[in-house]
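# Per-entry structural report
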Amino acid sequence: VLMLNLMAQSDPCLAYSVLLHDIGKPATQTWCDEPDGSRRPRFNGHDKVGAEMADHILRRLKCSNDDRDCIVHCVARHMHFMNVGKMKKATLRRFVSSPHFERELALHRLDCLGCHGWLENWNLCREFLATLKNEPVLPPPLVRGKDLIEAGLTPGPLLGQWKDALLDQQLQDPKLTREDLLAWFVTQAEQQEAPPASGLPPTC
């Protein structure tokens, strides 16, 4: 109710995200012993469980596919904001590139104001977006799938993993050229079968 009252204007998708973002907490509640002897509840995975529950609820309410996709996305990713201060630049660029990010950011702000009032991560995201206002959040990849196939990879999941890893490198250091990235790929591929893990946060 506090979060809904803090909404500046009517936005059904944001309102549903507010109502459903913590719906997975009862199903995931556990109790942990603290060093001071007290016990406190924890809700590990409530975002993932909540996203699944939200999807079922919104289907039952016959929400449109676009609205359901937006709301479920907001519920699934609302806990990622706690890590934005630790994200590499490439990871943060991927995070804010979500087509629903403005609503995700609005949900995070309401969540903070309705609870502890800390807006540090909200401000960090806004400031980061401001630095990207004159360029695409995610630029076109310099190395594409056909380049990797020509380099010896076969189409499949591994090719997609290498594409993600190469885009991470490109986002982390914009000075890298296509030739630099292909040389990095060759070196990495010779050393390991799979690419380094992508910094992209999971969607749920």
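Look up a bit, the structure's there.
## Notes on the pattern of salt bridges
Following the criterion strictly, the structure yields 14 salt bridges and no others. Salt-bridge contacts for E104 lead to R77; the nearest nitrogen and oxygen are separated by 2.9 Å. Within this pair, whereas E104 is found in helix α7 (residues 101-113), its partner R77 is found in helix α5 (residues 65-77), the two being separated by 27 residues in sequence. Among the charged side chains, a salt-bridge network with shared partners connects D55, R59 and R68.

## Some details on the nonpolar core
Within soluble globular proteins, side chains that are nonpolar tend to cluster in buried spots. Among the nonpolar cores identified, the biggest contains 20 residues, and L20, L58, I71, V75, L107 and L110 are the most heavily contacted of them. Those elements giving two or more residues to this core turn out to be α2 (12-20), α4 (46-60), α5 and α7. Residue contributions to this core peak at 6 residues, all from α5. The residues contacting L107, other than those within four sequence positions of it, are M3, L14, S17, V18, H21, C74 and H78.

## Quick look at unusual backbone geometry
Unusually for a residue other than glycine, K62 sits at a positive phi of about 60 degrees. Here K62 shows up in the loop between α4 and α5.

## With respect to the side chain of D47
Positionally, D47 belongs in helix α4. K48 provides the closest opposite charge to the buried, salt-bridge-free D47, at an N-O distance of 8.8 Å. Beyond its immediate stretch of four places on either side in the chain, D47 contacts V75, A76, H78 and M79.

## Remarks on the pairing of strand β2 (residues 39-42)
Sheet analysis places strand β1 (residues 30-33) next to β2, joined by 4 bridges and oriented antiparallel. Bridged to W31 within β2 is P41. Hairpin remark: β1 followed by β2, antiparallel, with 5 residues in the connecting loop; positive phi at G37, about 95 degrees.

The rules we used
Residues numbered from 1 in each chain as written. Predicted model: local features only at pLDDT ≥ 70, side-chain atom pairs only at ≥ 80, totals over all residues. Heavy atoms only, no water. Salt bridge = Lys/Arg side-chain N within 4 Å of Asp/Glu carboxyl O. Helix = DSSP H or I, 4+ residues; strand = E, 2+ residues; numbered from the N terminus. Core = buried A, V, L, I, M, F, W, Y, C linked by side-chain atoms within 4.5 Å. Buried < 20%, exposed > 50% of the residue type's maximum accessible area, 1.4 Å probe, protein only. Contact = heavy atoms within 4.5 Å. Lys, Arg positive; Asp, Glu negative; His and termini not counted. Pairing = 2+ DSSP bridges.

In short, geometric facts, not functional conclusions.
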